[in-house]
Amino acid sequence: MVRMLRWAAVLCIAMAVTACGKAGVDAKRIEAAAAGDWLTYGRTYDEQRFSPLDQVNKDTVARLGVAWWASFDTDRGQEATPLVSDGILYTTTTWSKVFAFDAKTGKALWSYDPQVPGEKGFNACCDVVNRGVALWKGHVYVGALDGRLIALDAKTGKVAWSVQTTDANQPYTITGAPRAVKGKIIIGNGGAEYPVRGYVSAYDADTGKLAWRFHMTPNPKGEADNAASDKVMKEKANATWSDGAWKQGGGGATPWDPITYDVKSDLIFVGTGNAGPWNSKIRTGGKGDNLFAASIVALRPDTGEYVWHYQTTPRDDWDFDATQHLMVADLPIGGKTEHVVMQANKNGFFYVLQAATGKLLSADAFVKTTWADKVDLVTGRPVEAAGARYENGKEQEQTPGALGGHNWQPMAFNPKEGLVYIPAQTLYMDYADKQEFKFIPGAWNLGLGPSTLSPTRVQPTPFGQLIAWDPVTKKARWKADFAEPWRSGVLATAGGLVFHAAGHKFVAFDAVTGKPLWTYDTGAAAIAAASTYAIDGDQYVALMVGFGGAGGMGGLEPRRKGRLLVFKLDGKTVPTPFPEVVPQPPLDLKSAIPSKGDPAKGEALSAQFCVTCHNAGGYLPILAKSPVILDPVGFDAIVLKGAKKPHGMAPFRRFFDEASAEDLRAYLLAEAAKAPPTGAPQMTHGR
Ligand code: CA
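Residues numbered from 1 in each chain as written. Predicted model: local features only at pLDDT ≥ 70, side-chain atom pairs only at ≥ 80, totals over all residues. Heavy atoms only, no water.

(A) Here's a closer look at unusual backbone geometry. Of note, the bond from Tyr 194 into Pro 195 is cis; its omega dihedral lies within 30 degrees of zero at -20°. Note that Pro 195 resides in the loop between strand S12 (184–187) and strand S13 (199–204). Of note, the bond from Thr 399 into Pro 400 is cis; its omega dihedral lies within 30 degrees of zero at -5°. Phi at Lys 137 takes a positive value of approximately 45°, unusual for a residue other than glycine. Structurally, Lys 137 can be placed in the loop between strand S7 (134–136) and strand S8 (139–143). The exposure class of Lys 137 is partly exposed, given its relative accessible area of 45%. The residue Lys 474 is not glycine, and still its phi comes out positive at about 65°. Take Lys 474: it is sitting in the loop between strand S29 (463–470) and strand S30 (475–482). (Helix = DSSP H or I, 4+ residues; strand = E, 2+ residues; numbered from the N terminus. Buried < 20%, exposed > 50% of the residue type's maximum accessible area, 1.4 Å probe, protein only.)

Written as structure tokens, this is what we have:
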């Protein structure tokens, strides 16, 4: 009887659309990780992003073609990993919209738009992106950009419950995927650049009732939060902060992406963001380690109880969020099997920690790291290079910079080869101290001054690498080089393949040698990671493509509407070609209404409020190329009054007045008369 039940369970898992799908995804199904499923963000709780499917393999991959595809009405960043359960594929696009498709045919089943207020776009440091959903017992969970956690009926997309997980008046955002663990939905938040005070929360999956919350920085007023973090704050964190601007915003440390559950140790590992403001002299008088910013924190999923932490960047000065992919695996280290959690950190070091205890086993540079020579394995601390802390008045050009040696783009693991595939990059950045700092509520508050390093100096060219990293020998086994630093996440399969995209080239690499075996031109850039699943004997590979997300793509790739591309062997579908890119006509500056504003004041405003999003490598249009600057009435309508609020351009009247807007316009007109840099094209589908 027991045996029969077990077979029934296996059958239930193996069948695509069945009556047993009614119960939906639960712990057993996620833990059993049937080959054909992709039930949680990293496929399995350990987030290895390794699929046992091998129909698509080194011998067959040449036959891989598009089975079906879908188009989305947005031309902004696509970062979601599609999940597949019971024959339905779930994905998300910008503004936290959720879409469900028949995973075999591509038939659209339902979609859900949480109607995030447009002005929340201003609070998203790095585009209005979303990385995907969680599945649990007949529900689909999405974190909305405005801080809501929403449960939807998996069959219909109808809202089951919705809770506000943040103070809606503070610049919090959610872009990460929730995780479903032991009947709870775990969700973090973002906003460390403003900064806000980061925390992770667990909600009852059935009711949406808050189960526990763990803050990542001390309470700025010194009060108790009545949260799971209260005890450890007193014991470990409070004394690591000194007086400074952190008290005005909350210190950052926002856990905006990785939340990994380890079944074996019954812990969740949470990566936290940078401390805020970035400049530690301004933030905390240059004193203390500032726990739990830039850290990996291990908590009990039932209660939020603290178990251990490891801080990757003590007293962060460089925006070194520890929010990169956290992956659990068994590794043969020192003659025994170690159960570990691994991270290729923004700061350029690859960390291997004992999962149960947080003990540091190794930390080695996977890219060039000019800010630190190594990590001392005895103290667990980086050995910083002289001058790395620009706060001493000397400017610093270093790598990695704020975009990291590796960012949120997920890695993948091949357990047979013992290799972690890291989408890495080398990008230098200038850091300069800011002598006079004034906290501006609701705006970016970094505490960085403008760089005065010569703009004509020869700067190192950014580039990217897919690194096959051996975490046991602590060396790369192979590397593939790319001109693009900012590329897609990674998928590894038992077919001996590693799927990774650079720009609009989607490539299957040989997992052992790094040789490219198959390439498909997606027509639009990919930054998300692919997932794979099987239905009725066919293996599918699914990838979200589009444009945007923070970092380096502006000007390199055309702005395209987002698409979901799903491949299988002998797939013969040819997606409709993207429309030709019409070059933006140069501005007719003769038609501009001249400005009496002060361009020098305008330049300072631009640096403070505009260039974060509207920069040369970014995802929003270059303002000095926009016809909007020609006419003060239209300019003020957008900048001060919020005419483009639905697209994310919040009204800036709370930050400056008509005279300031005219100073800004004067500066932009002056820039337009020079040759403005190449950047992201104008949006056509900002919503
Ligand atoms: Ca950050």
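(B) Examining the state of the cysteines more closely. Going through the model one piece at a time under the given rule, you end up with 1 disulfide. With its sulfur 2.2 Å from that of its partner, Cys 125 forms a disulfide with Cys 126. A torsion of -100° about the S-S bond marks the disulfide between Cys 125 and Cys 126 as left-handed. We note that Cys 613 lacks a disulfide partner, and the nearest cysteine sulfur, in Cys 126, lies 8.0 Å from it. (Disulfide = S-S within 2.5 Å.)

(C) Here's a closer look at the pairing of strand S6 (residues 108–112). For strand S5 (residues 98–102) and S6, the ladder comprises 4 bridges, and the chain directions are antiparallel. Counterpart to Val 98 in the pairing with S6 is Tyr 112. (Pairing = 2+ DSSP bridges.)

(D) Quick look at the sheet that holds strand S10 (residues 159–164). If you trace the 4 strands from one edge of the open sheet to the other, you get S7-S8-S9-S10, paired in antiparallel fashion. Strand pairing shows two members of the sheet lacking a second neighbour, S7 and S10, which therefore form its edges. Within the sheet, the average angular offset between the axes of one strand and its neighbour, ignoring direction, is 20°. With 5 bridges connecting them, strand S9 (residues 148–153) and S10 associate as antiparallel partners. Of the residues in S10, the one forming a bridge with Leu 149 is Val 163. (Axes fitted to C-alpha atoms, helices over the stretch in contact; angles between N-to-C directions.)

(E) Quick peek at the sheet that holds strand S20 (residues 336–344). Read from one edge of the open sheet, 4 strands run S19-S20-S21-S22, paired in antiparallel fashion. Two strands bound the open sheet, and with one partner strand each, they are strand S19 (327–333) and strand S22 (360–365). Each strand of the sheet is rotated relative to its neighbour by a mean of 30°, with strand direction disregarded. Here S19 runs beside S20; their pairing, made up of 7 bridges, is antiparallel. When the bridges of S20 are listed, Asp 330 appears paired with His 339.

(F) Molecular detail of the pattern of salt bridges. Throughout the structure, instances matching the rule amount to 33 salt bridges. For the salt bridge of Arg 381 with Asp 289, the shortest nitrogen-to-oxygen distance reads 2.9 Å. Of this pair, Arg 381 sits in the loop between strand S23 (372–375) and strand S24 (382–384) while Asp 289 sits in the loop between helix H5 (280–284) and strand S17 (295–299), placing them 92 residues apart in sequence. Owing to a relative accessible area of 36%, Arg 381 belongs among the partly exposed residues under this scheme. On the accessibility criterion, Asp 289 (23% relative accessible area) is partly exposed. (Salt bridge = Lys/Arg side-chain N within 4 Å of Asp/Glu carboxyl O.)

(G) Representation of the coordination of the calcium ion. Coordination of the calcium ion by the protein comes from Glu 193 (OE), Asn 274 (OD1), Asp 319 (OD), Asp 321 (OD) and Asp 321 (OD), over a distance range of 2.3 to 2.7 Å. Positions of the donor residues of the calcium ion, expressed as sequence spacing, correspond to E-x80-N-x44-D-x1-D. Of this pair, Glu 193 sits in the loop between S12 and S13 while Asn 274 is found in the loop between strand S16 (267–271) and H5, placing the two residues 81 residues apart along the sequence. Take Glu 193: its relative accessible area is 7%, and that puts it in the buried class. For Asn 274, a relative accessible area of 0% corresponds to the buried category. (Donors = N, O, S within 2.8 Å, 3.2 Å for Na, K, Ca; no water.)

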